[in-house]
Amino acid sequence: MIRKFGTSLIASTALAVVAVSGASLALASIPSITDDAAATAELHEADSGLPNAVGGVSLFDEGYGPVCYKETDVLSYFDRDRAEIGGEMVTLEAGFDQDFADAWRSETAMDAVKISGVFAHIFPTESGLEMVDVVEIGADGCAISRTLLTEPEWNAILTRAAGVAV
């Protein structure tokens, strides 16, 4: 019995050494610098690991002051982007869009807001990472936030929102 335990211990130790070596090799082959701007964009993460919805800035241009980007403006902008860089446009169903906004803000400890729509442009990057440009339309019909999410972040919020809707 002790002999089998000793053999098992030696085998387990050897496997642990191989696993640590493999992990070190895998980490060493991750490039530290990339030319893809979308892949290197810093997201202002909350404690939940999700970025906050970004608002209070000029959402689509270099202009200053309050500008109301209506639903049609947002969809036109996304359609031009889609034609230029590819990807797909998504509109969340009425009711689920509010669940999405509520779940996102709850996870990131932001104040809840009443929204009338959520639109997204899901597009590939050169690195192969999918990014999602998300715009929320406020109750007044104007865009109130625009945030760049990774596809896993987008999916995480959708999953939380589906839990809210059920």
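Just above, that's the structure.
Residues numbered from 1 in each chain as written. Predicted model: local features only at pLDDT ≥ 70, side-chain atom pairs only at ≥ 80, totals over all residues. Heavy atoms only, no water.

A.B. asks: Describe the overall build of the chain, naming the residues involved and giving the relevant values.
C.D. replies: Scanning the chain from terminus to terminus reveals five helices and four strands. Seen in sequence order, the chain has helices and strands lined up from the N terminus as α-α-α-β-α-β-β-β-α. Put simply, the chain has 166 residues, and 31% of those count as buried. Excluding contacts between residues fewer than 6 apart, the proportion of contacts in the chain whose partners are at least 24 apart in sequence is 59%. Accessible surface computed for the chain: about 10400 Å², of which carbon and sulfur atoms make up 58%. (Helix = DSSP H or I, 4+ residues; strand = E, 2+ residues; numbered from the N terminus. Buried < 20%, exposed > 50% of the residue type's maximum accessible area, 1.4 Å probe, protein only. Contact = heavy atoms within 4.5 Å. Areas by Shrake-Rupley, 256 points an atom, 1.4 Å probe, with all protein chains shown as cover.)

A.B. asks: Explain the pairing of strand 4 (residues 143-150) to me, and be specific about the residues and the numbers.
C.D. replies: Within strand 4, six of the eight residues are buried, which leaves it mostly tucked inside the rest of the structure. Looking at chain direction, strand 3 (residues 130-138) and strand 4 are connected through seven bridges and run antiparallel. The residue bridging Glu136 from the neighbouring strand is Ser145, located in strand 4. The turn linking strand 3 back onto strand 4 is made up of four residues, and Gly141 within it adopts a positive phi angle of 90°. (Pairing = 2+ DSSP bridges.)

A.B. asks: Please provide a residue-by-residue account of the nonpolar core, values included.
C.D. replies: Side chains of nonpolar character tend, in soluble globular proteins, to be buried together. The biggest cluster of nonpolar side chains holds 16 residues, and the ones touching the most others in it are Phe100, Val132, Val134, Leu149 and Trp154. Among the elements of the structure, helix 4 (96-107), strand 2 (115-124), strand 3 and helix 5 (151-165) are those that each provide at least two residues to this core. Those residues in contact with Phe100 that lie beyond four places of it in its chain are Leu92, Val118, Val134, Trp154, Ile157, Leu158 and Ala161. Among the nonpolar cores identified, the runner-up in size contains seven residues, and Tyr69, Phe78, Val135 and Ile137 belong to it. (Core = buried A, V, L, I, M, F, W, Y, C linked by side-chain atoms within 4.5 Å.)

A.B. asks: Can you break down helix 4 residue by residue, with the values?
C.D. replies: Its 12 residues give helix 4 an end-to-end C-alpha distance of 16 Å, which sits within 8% of 16 Å, the value for a rise of 1.5 Å per residue. Of the positions making up helix 4, those classed as buried are Asp97, Gln98, Asp99, Phe100, Ala101, Ala103, Trp104 and Arg105. Ala109 sits one or two residues past helix 4 and shows a positive phi near 55°. (Expected span 1.5 Å × (residues − 1).)

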